[in-house]
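What follows is the residue order along each chain.
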Amino acid sequence: PESVLLNSSHSHAAPWARLTGTKLGGGFDEITASERAYVERLPHDFASAALIAWQARRPARCAGATGSVSGLAVNRRERTADGRTVLGWNPELSVDDEVPTLRIDDLDGLPIATVTAFGCHPVVVGPEVSATGSDFVGPLRRRVEYLRGGGVCVFLQGAAGNVLPLQAFFDHLGPEIPMGDRLGLESAHAVVDSDPLQREIQKVDFGSVTPISLYRKHIAADQPDQRLAVARCLVELPMLAPPSLDELTAELHQREKEYDDAVRAGATRSTTNPLQYHLNWIRSMLSRGDDLARWRSSTGEVWGMRVGDTAIIGTPGEVFSEIGLEVRTRSPFETTLFAGYSQGILGYVSTAEEHPFGGYEPAVAQRGYDHPAPFAPEAAAVLIEACLDVLRQLHGQ
């Protein structure tokens, strides 16, 4: 089990894969029978995919490289004229445009798999489109598999907590395809010259009207060893102080009135669902009674894997882009794939610099994860150092 990484691409066009806590999205307030069946089946599908891969395994070699594509994703922490922070586009804040990729070939040089990571919410398509899907991730994978001439492309969602596509929430299918194609093109381009196999140039005599020497690259008989290792650690992420029971009770009465008024006015679910979202969270917190005040942290797993000179690091949260970029920049490996949304998602981890600006991620989003309060500003540094400790451990092996 310690060798398993679970990463969610976080498509907003897929069913909410939880059976507890506050439900988000969909056409019904309650979890339906089909949604329950979908969620309960997922672990079996995951295990089946792993078993099929294990049974099909063969000797392989790997190589990593990093590409870059600009103009597709933006930092979404937009400031308004009245001082609020909303989801939009803030050109003054950074976004990680890099596309780290791992190429896996068999000993004949044929593609087995390509693992690529990019940090951006897959929300090119908006909630008006009722079809389920993977947004730009599916087109990305198909493009990589085509350009690489086969194999399976695995997408790892990167540090996407504060990142949206520049063009997001379309009311029709189609715009997700060019974004996925562009990312897939860059992923394949990043590793096209990173041959995992050592090759030797051999001279071939060739007769013609004039003497010609021909040269061919051949796979070397002796291939140097590649190190493979896995490491992980548990990390305690600190939270801000939870609200008091009196504060929760006061908000409960306010939200109940708003909800009842909306229902009497004939409001649609687009109005009542957000209100129900807050009501469910408040009631969940109140059910904890006096224990709520002692809930000041949450435990998550940081997972790392070394494949030759490439590393994959997984973290348990919707991590801000700056956090993932710092980990990759300070990593001792030549190529590092950062995977947020891994090993169970605890919620948003904002940078300390963005906490004073408030807004959705540092102040509200914890309610969707059934937490009493946002993670504290220092949680980002805790997570970064935990990632680097795991990477240094792997690098030393």
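Being a predicted model, the structure only gives us computed values, none of them experimental. (Residues numbered from 1 in each chain as written. Predicted model: local features only at pLDDT ≥ 70, side-chain atom pairs only at ≥ 80, totals over all residues. Heavy atoms only, no water.)

**Describing the sheet that holds strand E15 (residues 335-339)**
One open sheet accounts for 4 strands, arranged E11-E12-E13-E15; its pairing is mixed. With one partner strand each, in any of the chains shown, strand E11 (228-238) and E15 form the two edges of the open sheet. When strand polarity is set aside, the average angle formed by the axes of neighbouring strands in this sheet is 15°. In this structure, strand E12 (residues 297-307) lies alongside strand E13 (residues 310-314), joined through 5 bridges in antiparallel fashion. Opposite Trp303, over in E13, you have Gly314 as the bridge partner. (Pairing = 2+ DSSP bridges. Helix = DSSP H or I, 4+ residues; strand = E, 2+ residues; numbered from the N terminus. Axes fitted to C-alpha atoms, helices over the stretch in contact; angles between N-to-C directions.)

**Observations regarding the pairing of E13**
Of all 5 residues that make up E13, 5 are buried, and the element is covered over most of its length. Taking every second residue as pointing to the same face, both faces of E13 are buried, with Thr310, Ile312 and Gly314 on one and Ala311 and Ile313 on the other. Counted along the chain from E12 to the antiparallel partner E13, the turn is 2 residues long, and its residue Gly308 has a positive phi close to 65°. Bridge count between E13 and E15: 5 bridges; the pairing is parallel. Across the sheet, residue Ile312 finds its bridge partner in E15, namely Leu337. (Buried < 20%, exposed > 50% of the residue type's maximum accessible area, 1.4 Å probe, protein only.)

**Brief notes about the environment of Asp222**
The topology assignment puts Asp222 in the loop between strand E10 (212-219) and E11. Judged by its relative accessible area of 69%, Asp222 falls in the exposed class. Along the primary structure Asp222 and Gln198 are separated by 24 residues, whereas in three dimensions their C-alpha atoms are 8.1 Å apart.

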